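# Coordinate analysis (summary)
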Amino acid sequence: MGEAARKEATYDDLYTVPENMVGEIIDGELYAMPRPSPRHSKASSVLGIEIGSPYQIGRGGPGGWLILDEVELQLGKNILVPDLAGWKKERLPELPETNYIAVPPDWICEILSPSTARLDKTKKMPIYAQYSVPFFWLVDPVHKTLDVLRLENKKWTIINSYTENDKVRAEPFQEIEIELANLWG
């Protein structure tokens with residue numbers, strides 16, 4: 001006898017995820033992960049401030065972007081929740097009325113945790129490539145690294161890798177300098 005067919009998860013299944021967890025639907029499967037650790041949250045929050053102020057608000061930078069943390073993305077049948085995502089305002093001039101955004105971002109950042117790194121790298125990265133997200137950052141607060149990737153011919157290419165106390169000017173936010181030490185300290 002064959003194994004019973006697996007039921008594909010739907011958006012309604014996300015409402016069954018406990019409030020202290022983050023739910024995602026990846027390739028038809030429901031994933032529930034614990035809320036991020038303080039180390040993870042600090043790296044994400046500081047990076048959001050560093051980029052958001054000059055790029056979203058225009059304070060000390062060019063403006064013209066929308067930067068959101070832990071927003072739901074609908075990419076095909078997938079519902080993903082990246083740590084940070086950014087859109088050029090001409091591509092997303094207004095927020096939708098739905099809980100999710102269906103316009104692929106221009107930039108995504110995933111903060112790696114021991115419990116989510118495999119999922120971020122093996123499941124989510126290919127989906128972001130499939131939906132032509134042009135820039136992807138991987139931040140590892142445990143190893144204190146930042147990998148900056150650009151999508152080229154539907155494949156991720158590492159542009160640069162940074163570590164510890166590096167001062168970074170990285171695509172697509174090269175107009176500003178980010179001190180990585182602020183993410184870990």
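Note that this is a predicted model, so its numbers are computed, not measured.

Below, the discussion takes up helix 1 (residues 38-57). The largest bend along helix 1 measures about 35° and falls at Ile 51, with the proline Pro 54 one to four residues further on. Within helix 1, burial applies to His 40, Ala 43, Ser 44, Val 46, Leu 47, Gly 48, Ile 51, Gly 52, Ser 53, Pro 54 and Tyr 55. Buried-residue contacts for helix 1 involve strand 3 (65-69), strand 6 (84-88), strand 8 (107-111), strand 9 (135-140), strand 13 (178-179) and helix 3 (181-184).

Under the criterion given, the structure shown has 10 aromatic pairs. Consider the rings of Tyr 55 and Trp 65, whose centres lie 6.4 Å apart with planes at 90°: the pair is edge-to-face. With Tyr 55 in helix 1 and Trp 65 in strand 3, the pair connects residues that are 10 residues apart, well separated along the chain. For Tyr 55, a relative accessible area of 1% translates into the label buried. By way of ring pairs, the aromatic residues Tyr 55, Trp 65, Trp 107, Trp 137 and Phe 173 are connected into one cluster.

Structural remark: α-helix, 3.6 residues per turn; residues separated by three or four positions point the same way. With 14 residues, helix 2 (residues 117-130) ought to run about 20 Å at 1.5 Å a step, and its terminal C-alpha atoms sit 19 Å apart, in line with that. Remark: the principal bend of helix 2, roughly 40°, maps to Lys 124, with a proline, Pro 126, within the next four residues. Residues of helix 2 that are buried: Ala 117, Leu 119, Asp 120, Lys 124, Met 125, Ile 127, Tyr 128 and Ala 129. Just downstream of helix 2, Ser 132 is the residue with a positive phi angle, here 60°.

A few words now on the side chain of Glu 110. With respect to the helices and strands, the residue Glu 110 is situated in strand 8. On the accessibility criterion, Glu 110 (1% relative accessible area) is buried. Polar side-chain contacts of Glu 110 include one of 2.8 Å to the side chain of Lys 124. Apart from residues no more than four positions distant in its own chain, Glu 110 is found in contact with Val 81, Pro 82, Asp 83, Asp 120, Lys 124, Tyr 128, Phe 136, Trp 137, Leu 138 and Val 139.

Moving on, we get to unusual backbone geometry. Going from Glu 171 to Pro 172, the amide bond is cis rather than trans, its omega being 0°. Looking at the element boundaries, Pro 172 is found in the loop between strand 12 (167-168) and strand 13. Unusually for a residue other than glycine, Glu 70 sits at a positive phi of about 50°. With respect to the helices and strands, the residue Glu 70 is situated in the loop between strand 3 and strand 4 (72-75). Backbone geometry at Ser 132 places phi at a positive 60°, although glycine is not the residue there.

So, on to the pairing of strand 11 (residues 155-163). Pairing between strand 10 (residues 145-152) and strand 11: eight bridges, direction antiparallel. Considered in strand 11, the bridge of Val 148 is made with Asn 160. Taking the residues that link successive antiparallel strands as the turn, the strand 10-strand 11 hairpin has two residues, and the phi of Asn 153 there is positive, at about 55°.

Basis of the calculations
Every chain's residues receive numbers from 1 upward, in the order its sequence appears when written. Local features in this predicted model are restricted to residues whose pLDDT is 70 or higher, and side-chain atom pairs enter the listing and the counts only when it is 80 or higher, whereas totals over whole chains, interfaces and linings include all residues. Hydrogens and water molecules were not included; the side-chain quantities draw on all heavy atoms of the structure. What we call the bend at a residue is the angle made by axes fitted to the seven residues finishing there and the seven residues starting there. Secondary structure elements follow DSSP: runs of H or I of four or more residues count as helices, runs of E of two or more count as strands, with numbering from the N terminus. Here's how the labels work: a residue is buried when its accessible area is under 20% of the maximum for its type, exposed when over 50%, partly exposed in between, all with a 1.4 Å probe on protein chains only. Pairs of residues are marked as contacts when any of their non-hydrogen atoms sit within 4.5 Å. Two aromatic rings from Phe, Tyr or Trp, using only the six-membered ring of Trp, form a pair when their centres are within 6.5 Å; if the ring planes differ by under 30 degrees the pair is stacked, by over 60 it is edge-to-face, and anything between is tilted. Helix span, expected: 1.5 Å multiplied by one less than the number of residues in the helix. Contacts described as polar in this section are N or O atom pairs within 3.5 Å, which, within protein, must combine one atom able to donate a hydrogen with one able to accept it, while residues neighboring in sequence count only if both atoms come from side chains. Strands were regarded as paired on the criterion that DSSP finds at least two bridges between them.

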